[in-house]
Amino acid sequence: MMNLFSFPNPVNEKAARVVAAGVFVLAITTLATGTYWMALILAYGFIARVLTGPTLSPLGQMATRLVAPHLGAPKLVPGPPKRFAQAVGAVLTVALVASALGAHNYVLANILLLALIAASGLESIFAFCVGCQLFAL
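Everything numeric in this text was worked out from a predicted model, so none of it was measured. (Residues numbered from 1 in each chain as written. Predicted model: local features only at pLDDT ≥ 70, side-chain atom pairs only at ≥ 80, totals over all residues. Heavy atoms only, no water.)

K.L.:
Give a description of the state of the cysteines that names residues and reports values.
P.N.:
The final tally for this structure, using the stated rule, is one disulfide. Paired by a disulfide, Cys129 and Cys132 hold their sulfur atoms 2.4 Å apart. The chirality of the disulfide connecting Cys129 with Cys132 is right-handed, given an S-S dihedral of about 70°. In this structure Cys132 comes out as buried when scored by relative accessible area, which is 14%. (Disulfide = S-S within 2.5 Å. Buried < 20%, exposed > 50% of the residue type's maximum accessible area, 1.4 Å probe, protein only.)

The structure is reproduced here in structure tokens:
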């Protein structure tokens, strides 16, 4: 059971970027369509990845088992900054769910979605991890 609640160290950066690409697409879709219930999917994914790495995250499983192996040799990076980045995402998405579905504050929800889009876009496209930079501070 203890092995379930672990996070890989090191992490394959290619898999992390694939996960970020999935978050990027889902966040853009949520913003573009106004289907804020999709924020629940985002929140679940972030919480699952913080607690168990890719183990209980469908997006994490897809990235590590299906996509990343086809992207060449793994590029290993430290796990703790990536876990911190997932925790930041979890906080943002829980706030997003609370603002959109709980308080019906769609302006705040859209701001949080834009922050998610920016951070996941930077990670997936440019390999710049905003959460990792915050972790370094």
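Having seen the structure, we can now continue with the description.
K.L.:
An account of the nonpolar core is needed here, citing residue identities and associated values.
P.N.:
Judged by nonpolar contacts, the single largest core of 17 residues is most densely connected at Ala27, Leu96 and Leu116. Among the secondary structure elements, those contributing two or more residues to this core are α1 (13-33), α2 (38-52), α4 (79-102) and α5 (106-126). With near-sequence residues (within four places) excluded, Leu96 lies in contact with Ala39, Leu101, Ala109, Leu112, Leu113 and Leu116. With five residues, the next largest nonpolar core counts Val18, Val19, Ala63 and Ala68 among its residues. (Core = buried A, V, L, I, M, F, W, Y, C linked by side-chain atoms within 4.5 Å. Helix = DSSP H or I, 4+ residues; strand = E, 2+ residues; numbered from the N terminus. Contact = heavy atoms within 4.5 Å.)

K.L.:
Just give me the short version of α2, but keep the residues and values in it.
P.N.:
Because an α-helix completes one turn every 3.6 residues, residues spaced three or four positions apart along the sequence face the same direction. The end-to-end C-alpha separation of α2 is 21 Å, in line with the 21 Å expected for 15 residues at 1.5 Å each. Along α2, the positions that sit buried rather than exposed are Met38, Ala39, Leu42, Ala43, Gly45, Phe46, Ala48, Arg49, Val50 and Thr52. Residues of α2 that are buried in the fold lie against α1, α3 (58-67), α4 and α5. One or two positions beyond α2, positive phi appears at Gly53, with a value near 65°. (Expected span 1.5 Å × (residues − 1).)

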